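The chain contents come next:
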Amino acid sequence: MTRPRPLGPRDDLADSVRVVGEFGVIARVLARSGSAEVAQVGPGDDAAVLRVPDGRVVATTDVLVEGRHFRRDWSSAEDVGHKAAAANLADVAAMGGVGTALLVGLACPADTPTTWLEGVAAGMAAECAPLGAAVVGGDTVASAPDSGSVVLSVTALGDLGGRAPVLRSGARPGDVLAVTGRLGWSACGLAVLRRGFSSPLAVVTAHRRPTPPYAAGPAAADAGATAMCDVSDGLLADAGHLASDSGVVLDVDRAALVRATLEPPGPLQQVAAALGADPLAWVLTGGEDHALLATFPPSVALPAGWVAVGRVEEGKPGVFVSGEPAADVAVAVGAGRTGHVHFG
């Protein structure tokens with residue numbers, strides 16, 4: 001693993017938010033934001049107006065706080081934009097929908113370089129573009145003088161395309177538990193960055209710019225998925241939400257999960273060996289990859305990219321790994337917790 005290069009000089013503060021002003025910032029950001037296919041009236045007015053072909057709107061919000069969800073010395077502005085958009089668009093996919101538009105609330109110090117905000121906008125636009133989505137509005141405000149932090153509040157809107165929404169509450173005993181997308185890569189990348197290194201690049205990039213399997217959400221809905229959620233806080237933690245809401249037991253097959261996520265050996269094993277860690281800890285409890293977790297009737301052929309990793313059973317709601325309680329397994333692999341705790 002190699003250490004990161006020192007940061008370069010800050011952008012010229014003559015081009016800061018304080019000097020350019022709110023509307024100057026908005027104009028520069030909008031120039032990087034792209035356009036949404038569903039927008040009848042885009043950004044620049046009091047509110048956007050969107051076409052809603054399905055007649056229903058999927059809506060979700062995530063807040064990213066500097067120092068907790070990202071660091072400017074670890075991630076570029078474009079990275080932060082990608083990450084902020086992905087965290088929300090993945091939630092839309094987890095309902096079986098397709099993201100159509102973003103609304104962004106920004107609080108930042110007055111000396112924030114406008115070039116950094118333009119970079120965030122460019123990252124969001126790049127993440128949204130393949131879906132035909134874009135930022136269609138929002139608000140900017142100076143953050144508290146003593147905080148010095150950037151806060152991004154992003155609301156994503158989405159379209160179900162005529163599908164019924166796939167909820168967390170629909171899993172039934174006998175269903176197959178399946179996942180799609182990466183697990184553990186972002187957590188592994190975070191472990192690397194925390195130790196002052198910047199390689200393997202694959203896991204560091206996975207932490208900076210997650211790659212949710214957007215198309216897999218609608219595909220799962222079309223295939224008859226009974227329940228689904230985005231894995232943002234860790235597989236065991238988010239499986240716990242699904243189990244609780246559905247009133248069922250989820251039993252993750254440890255061997256199947258290892259085959260799906262850790263074979264053949266790759267960068268997770270490489271980093272784990274260097275750090276004396278168990279890569280399964282990242283797979284089971286690491287968040288922010290935004291993989292999707294879903295349950296399917298046993299008669300359903302899983303859509304492309306989905307892999308069976310367990311089953312749904314009757315019993316007091318909870319999560320097990322090959323029959324062992326999730327909390328015990330988390331401790332055994334060195335994670336301590338089953339996933340991210342927002343107020344821990």
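Just above, that's the structure.
About the thresholds
- Residues numbered from 1 in each chain as written.
- Predicted model: local features only at pLDDT ≥ 70, side-chain atom pairs only at ≥ 80, totals over all residues.
- Heavy atoms only, no water.
- Salt bridge = Lys/Arg side-chain N within 4 Å of Asp/Glu carboxyl O.
- Buried < 20%, exposed > 50% of the residue type's maximum accessible area, 1.4 Å probe, protein only.
- Helix = DSSP H or I, 4+ residues; strand = E, 2+ residues; numbered from the N terminus.
- Lys, Arg positive; Asp, Glu negative; His and termini not counted.
- Contact = heavy atoms within 4.5 Å.
- Pairing = 2+ DSSP bridges.
- Axes fitted to C-alpha atoms, helices over the stretch in contact; angles between N-to-C directions.
- Phe/Tyr/Trp six-rings, centres within 6.5 Å; stacked < 30°, edge-to-face > 60°.
- Lys NZ or Arg CZ within 6 Å of the ring centre and 35° of its normal.

### Regarding the pattern of salt bridges
Throughout the structure, instances matching the rule amount to 8 salt bridges. Between Arg71 and Asp73 there is a salt bridge; the shortest N-O distance is 2.7 Å. The partly exposed category is assigned to Arg71, whose relative accessible area is 33%. Residue classification places Asp73 among the partly exposed positions, given a relative accessible area of 36%.

### Examining the side chain of Glu127
Within the secondary structure, Glu127 sits in helix α4 (residues 114–128). The charged side chain of Glu127 is buried without a salt bridge, its nearest counter-charge being Arg209 at 7.0 Å. When sequence neighbours within four positions are dropped, the list of residues in contact with Glu127 reads His82, Ala85, Ala86, Leu89, Pro210, Pro212 and Tyr214.

### Some thoughts on the sheet that holds strand β3 (residues 58–65)
Strand order in the open sheet formed by 4 strands is β3-β6-β4-β5, and the pairing between neighbours is mixed. With one partner strand each, in any of the chains shown, β3 and β5 (135–142) form the two edges of the open sheet. Put simply, the sheet's adjacent strands are angled 15° from each other on average, direction ignored. One ladder, built from 8 bridges, connects β3 with strand β6 (residues 151–159); its direction is antiparallel. For Val58, the partnering residue across the bridge sits in β6 and is Gly158. Sitting on the sheet, α4 is in contact with β4 (98–108), β5 and β6, with an inclination near 165° to β4.

### So, the sheet that holds strand β7 (residues 176–180)
Sheet architecture is open: 7 strands sit in the order β8-β10-β7-β11-β9-β12-β13, paired in mixed fashion. Sheet topology places β8 (227–231) and β13 (324–325) at the edges, where each strand pairs with a single neighbour. Where β7 meets strand β10 (residues 291–296), 5 bridges bridge the pair, whose relative direction is antiparallel. Looking at β10, one finds that Ala178 is bridged to Ala294. Sitting on the sheet, helix α9 (residues 254–262) touches β9 (249–252), β11 (307–313) and β12 (318–321), and the angle it makes with β11 is about 155°.

### Let's talk about the packing of aromatic side chains
The tally for this structure, following the rule as stated, stands at 2 aromatic pairs. Centroid distance Phe70 to Trp116: 6.4 Å. Interplanar angle 25°. Geometry classified as stacked. Here the residue Phe70 occupies a position in the loop between β3 and α3 (77–94), and Trp116 occupies one in helix α4, the gap between them amounting to 46 residues. Considered together, Phe70 and Trp116 belong to a single accessibility category, that of buried residues. Here Phe296 and Trp306 contribute two aromatic rings whose centre-to-centre distance is 5.4 Å and whose plane-to-plane angle is 75°, an arrangement assigned as edge-to-face. Remark: Trp306 occurs in the loop between β10 and β11 and Phe296 occurs in strand β10; sequence separation between them is 10 residues. A single burial state applies to Phe296 and to Trp306, both of which are buried. In this structure, Arg72 is placed above the aromatic ring of Trp116, and the distance from its NZ or CZ to the ring centre is 5.1 Å. Looking at Arg182, its charged tip hangs above the ring of Trp185, at a distance of 4.1 Å from the centre.

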